[in-house]
Amino acid sequence: MDRASGGRGRLVPSARPGGQEAHGPFRSEPGTLLEHVPVAVFGIDEGDLVCYWGPGARDLFGYDSTAVLSKPGAVLFADGPHAPSGSCARLTERGRTRGYWRGRLTARHRDGTAFDCGFRVFSVTGSGGPSVVMILASRSDELDRVKTNLAFLDALFETCPIGLVMFDPDLRYVHLNQALADMDGLAIEAHIGRHMDEIMIMSDGGEYQRMLRAVSRGGAPVVGMLVGMRPRGHPDRDQVRSVSFFPLSQAVGSRPGVGGLMVDVTDREQAILEATAGRRRLALLDGASTRIGTTLDVVRTAQELVDASMPDFCDGAVVELVEWMDEAEDFDPGRPLITRRIAFGTILPPPATELVSGVETVRYPPGSVIHDMLRTGRAISAVVNEEFLARTVLIESRARLLAESGLACVLVAPLIARGTVQGIAMFGRSADRPAFTREDVSLAGELASRAAICLDNARLYSRVQDIALTLQRALLPSVLAASPYAEVAHRYVPGGRITEVGGDWYDVINLPDGRVGLVVGDVMGHGVSAAAAMGRLRITTKALARHEREPADLLAELDACAQEAGIELATCLYIVYDPTSGRARVASAGHPPPLLLRPDGTVETIDDVLGVPLGVGGFPFRTTEIELPGNATLALYTDGLIEARGRDIEAGLAALRTELSGASGSLEVMADRILASLLLAPPADDTVLVLARVRRAPPPDGPGAQPSGPSSRGAHPGARSPVK
């Protein structure tokens with residue numbers, strides 16, 4: 001026989017007439033309970049002579065191969081060896097006629113002692129040769145011991161009321177009994193091969209797993225440890241179990257692991273169960289405190305509350321804001337309540353998804369559960385039944401969706417902050433989970449209270465932002481002055497919602513003699529105060545520009561005004577372009593330097609005009625004059641364009657120079673390309689960009705010496721219509 005003949009292990013060569021004997025017992029398959037039972041293998045030919053003496057036969061019968069090969073098989077049985085053995089003849093006859101037979105006969109050892117022996121017999125026929133009866137023999141007492149052990153283990157796993165389990169070293173289920181499967185709420189087959197984490201929900205920070213791994217590595221057994229857990233097969237049921245674990249000895253060809261016994265002592269250990277539930281509630285609150293209110297965005301904050309509550313606390317949740325007529329309005333239980341749903345989610349299948357997401361405005365009739373909750377100001381729970389649907393849901397199709405969604409109970413909590421009802425948070429559970437308890441109602445109230453503060457902060461921030469944006473847009477120029485000698489493209493990009501409105505501003509001013517004034521400024525700080533300061537500086541600059549010819553003198557007057565107004569720090573860049581001479585006079589109060597794009601594509605930085613910011617006082621400003629060739633482009637900007645987190649301002653300025661040097665086409669296209677390349681999305685700070693392409697005025701005596709007056713065309717800040 002070889003491996004192809006069906007053997008799973010390496011077969012020891014047999015002893016045959018004229019050959020050598022192979023010593024050592026032939027045992028049953030490694031890793032089973034039979035592995036310690038010696039098995040003798042021998043063969044008897046058609047003449048009832050021993051023709052094969054295999055491993056283990058010498059140990060069982062006491063004969064060497066030389067003493068028994070080619071001898072009558074009767075010597076191996078108690079009714080031999082001096083007379084023909086009926087046992088031997090009956091054994092071989094059954095093997096030849098039946099093909100396979102097993103039974104017990106009395107065998108005889110070489111020393112003359114008789115013993116009860118179990119035999120398995122089958123016939124082997126060679127190719128064209130005589131048939132041989134192959135015999136497997138083991139002592140009956142050894143077989144009985146193994147059978148007793150097997151019967152005991154089978155009975156233990158089938159009838160024992162205590163949960164029994166075997167884990168491999170990776171804590172995957174290898175074997176368990178029905179009692180443990182019932183505790184877990186999953187079939188035995190659903191456990192096998194799966195990791196413990198896939199069956200159990202623990203809240204001990206991994207301590208249970210660490211204990212099991214320590215036992216698996218040969219550590220001391222654990223006896224009677226009390227553990228709180230929640231089986232995934234019973235997600236609504238916390239359990240306390242008394243567990244005992246011990247390392248499994250490494251059998252031949254097997255792997256080590258952990259064996260264990262589990263007893264459900266939940267009723268006895270209710271205090272531990274309550275502590276486990278308390279820890280879970282605290283963990284939920286702790287997680288919610290870190291997940292809710294990460295931004296000052298109302299909708300995102302509401303969605304964070306929904307996400308934090310599932311799936312540990314509920315199967316579905318929505319957040320709705322109450323649509324009050326005004327903040328001073330009192331709740332009237334006799335009037336319908338209108339809410340706006342801004343966040344929702346569910347882990348249930350349709351139609352639950354349509355139920356939570358299918359509406360934006362909800363109307364609750366007087367007498368609804370929502371009215372009951374707002375009347376008391378406390379969270380309440382209710383069973384979803386016909387009475388609930390009739391009291392709370394006005395639209396029949398929505399009531400049908402709720403009835404078919406699988407939600408069996410709801411819990412409604414008010415979102416109250418600073419004495420004002422902001423809205424409601426509604427949580428729902430399916431029939432597969434227990435109804436909300438008194439502790440759950442308290443937990444929902446705490447969740448809603450924490451979320452309400454975050455929502456109110458976001459609401460107040462949004463209101464201040466809206467006020468600042470409105471003020472800023474009102475104070476920025478809605479219409480820019482136009483000149484035939486300066487084509488202007490301008491962009492204003494508000495900062496992201498993470499930051500408050502800044503004080504960036506810009507303007508284009510028509511001056512006497514056809515001159516054009518370009519101004520860009522930035523008030524340090526954010527919010528309403530920065531927007532108001534920006535407006536004062538812009539209006540003052542426009543008034544001063546009509547009287548002060550020198551930019552440095554204008555900045556000096558503007559600095560004095562800033563000090564009088566309490567504006568501590570602001571930057572400003574002022575350029576006056578004279579189309580007749582083609583020259584520009586520039587002065588700066590601490591503002592980033594302008595860039596000059598020449599018609600040949602070279603870019604220059606006009607950086608010799610730096611001065612101190614407005615509001616500092618005590619330092620003079622100076623004017624620098626430069627000559628601008630026809631069709632040259634000036635780039636004025638605020639620091640939001642070149643400065644960002646993670647990028648040095650010098651690197652940003654270099655990037656702007658690169659973008660300008662490669663720019664082509666209209667100013668509008670250039671402005672869009674520069675913003676797309678340099679600004680983050682969303683930008684962290686307000687940004688202003690003004691591109692001005694200048695033209696020379698014709699000679700006084702030449703054609704077109706009298707240019708038409710300035711037009712009134714312009715655009716709202718951020719518009720893209722050029723000023724010509």
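In case you missed it, the structure is sitting above this.
Residues numbered from 1 in each chain as written. Predicted model: local features only at pLDDT ≥ 70, side-chain atom pairs only at ≥ 80, totals over all residues. Heavy atoms only, no water.

### A look at the overall build of the chain
Test applied: Counting from the N terminus, the helices are DSSP H or I runs at least four residues long and the strands are E runs at least two residues long. For every residue, the accessible area obtained with a 1.4 Å probe (protein chains only) is divided by the maximum for its type, and the residue is called buried under 20%, exposed over 50%, and partly exposed between those limits. Here a residue-residue contact requires only that any non-hydrogen atoms of the pair lie within 4.5 Å. Residue burial considers only the protein chains on display, and all accessible areas are found by Shrake-Rupley using a 1.4 Å probe.
For the chain, the count of helices and strands is 18 helices and 28 strands. Within the chain, the proportion of its 724 residues that are buried is 45%. Long-range pairs, those at least 24 residues apart, make up 62% of the contacts in the chain between residues at least 6 apart in sequence. A total of about 34500 Å² of accessible surface is found on the chain, and carbon and sulfur atoms cover 54% of it.

### A look at a nonpolar patch on the surface
To keep things clear, this is the line we draw: Each patch is built from residues that are more than 30% exposed by relative accessible area and take part in no salt bridge. Like charges join if they lie within 9 Å; nonpolar side chains (Val, Leu, Ile, Met, Phe, Trp, Tyr) join within 5 Å. Here, a salt bridge means any side-chain nitrogen of Lys or Arg that lies within 4 Å of a carboxyl oxygen of Asp or Glu.
A cluster of nonpolar residues, Ile 162, Phe 246, Leu 261 and Val 263, forms a patch on the protein surface that exposes about 270 Å² of accessible area. Position of Val 263 among the secondary structure elements: in strand 12 (residues 257-264).

### Focus: the nonpolar core
Put simply, the rule is: Nine residue types can take part in a nonpolar core, namely buried Ala, Val, Leu, Ile, Met, Phe, Trp, Tyr and Cys, and a core is a set of them joined through side-chain atoms within 4.5 Å.
In terms of nonpolar packing, the biggest core is built from 35 residues, with Leu 305, Phe 313, Val 319, Leu 411, Leu 415 and Phe 427 touching the most fellow members. Broken down by element, the residue count for this core peaks at nine residues, all from helix 14 (residues 438-475). Those residues in contact with Leu 411, other than ones at most four positions away along the chain, are Phe 313, Ala 379, Ile 380, Ser 381, Ala 425, Met 426, Phe 427, Phe 436, Asp 440, Val 441 and Ala 444.

### With respect to the pattern of salt bridges
In the structure shown here, the tally under the stated rule is 29 salt bridges. The partner of Arg 104 in a salt bridge is Asp 116, with the nearest N and O atoms 3.7 Å apart. Note that Arg 104 is positioned in strand 4 (residues 100-108) and Asp 116 in strand 5 (residues 114-125), a separation of twelve residues in sequence. Note on Arg 104: relative accessible area 39%, which makes it partly exposed. Residue classification places Asp 116 among the partly exposed positions, given a relative accessible area of 38%. Between Asp 315 and Arg 433 there is a salt bridge, and its shortest N-O distance comes to 3.0 Å. With Asp 315 in the loop between helix 9 (298-309) and strand 13 (316-322) and Arg 433 in the loop between strand 18 (420-430) and helix 14, this pair connects stretches of sequence that are 118 residues apart. What makes Asp 315 buried here is its relative accessible area of 4%. When salt bridges that share partners are traced, they join Glu 550, Arg 583, Arg 585, Glu 625, Glu 627 and Arg 696 into one network.

### Points about the sheet that holds strand 19 (residues 486-493)
Rules: Strands are treated as partners if at least two bridges between them are detected by DSSP. Axis lines are fitted through C-alpha atoms, for helices just across the contact stretch, and the angle between N-to-C directions can take any value from 0 to 180 degrees.
The five strands lie next to each other as 19-28-27-24-25, forming an open sheet whose pairing is antiparallel. Only two strands of the sheet have a single neighbouring strand rather than two, namely strand 19 and strand 25 (603-605). In this sheet, adjacent strand axes meet at a mean angle of 15° when their direction is disregarded. Taken strand by strand, helix 17 (residues 649-661) contacts strand 24 (595-597), strand 25, strand 27 (633-637) and strand 28 (687-694), and its axis lies near 20° from that of strand 24.

### Overview of the side chain of Thr 392
Here is the rule we go by: As used in this structure description, the phrase polar contact means that two N or O atoms lie within 3.5 Å; if the pair is within protein, one of them must be able to donate a hydrogen and the other to accept it, and residues adjacent in sequence are counted only when both atoms belong to side chains.
In this structure, Thr 392 sits in helix 12 (residues 386-392). Only 3.4 Å separates the side chain of Thr 392 from the backbone nitrogen of Val 369, close enough to count as a polar contact. If we ignore the near neighbours within four places in the chain, the residues touching Thr 392 are Tyr 364, Pro 365, Ser 368 and Val 369.

### Considerations on helix 7 (residues 207-216)
As a reminder of what qualifies: This arc is taken over the directions from the axis of the helix to the C-beta atoms.
All of the buried residues along helix 7 are Tyr 208, Gln 209, Met 211, Leu 212, Val 215 and Ser 216. Relative to the axis of helix 7, the buried residues are bounded by an arc of 160° and lie together on one face.

### Digging into the sheet that holds strand 16 (residues 380-383)
Judged by pairing direction, the sheet is antiparallel, and its six strands sit side by side in the order 15-14-13-18-17-16 without closing on themselves. One side of each edge strand has no neighbouring strand; the edge strands of this open sheet are strand 15 (361-364) and strand 16. Ignoring strand direction, the axes of neighbouring strands in this sheet form an average angle of 30°. Pairing of strand 16 with strand 17 (residues 407-417), which is carried by four bridges, proceeds in the antiparallel orientation. Across the sheet, residue Ile 380 finds its bridge partner in strand 17, namely Val 412. Its contacts with the sheet put helix 11 (residues 369-376) on strand 14 (337-346), strand 15, strand 16, strand 17 and strand 18, and the angle it makes with strand 17 is roughly 35°.

### Comments concerning unusual backbone geometry
Following Met 310, the chain continues to Pro 311 via a peptide bond in cis, the omega torsion being -5°. Considering the arrangement of structural elements, one finds Pro 311 in the loop between helix 9 and strand 13. Here the residue pair Pro 350 and Pro 351 is connected by a cis peptide bond, since its omega of 10° sits within 30 degrees of zero. Tracing the backbone shows Pro 351 in the loop between strand 14 and helix 10 (352-357). Even without being glycine, Ser 70 reaches a positive phi, approximately 70°. Locating Ser 70 in the fold gives a position in the loop between helix 2 (65-68) and helix 3 (86-98). For Ser 70, a relative accessible area of 44% corresponds to the partly exposed category.

Function cannot be read off these values alone, since they describe shape.
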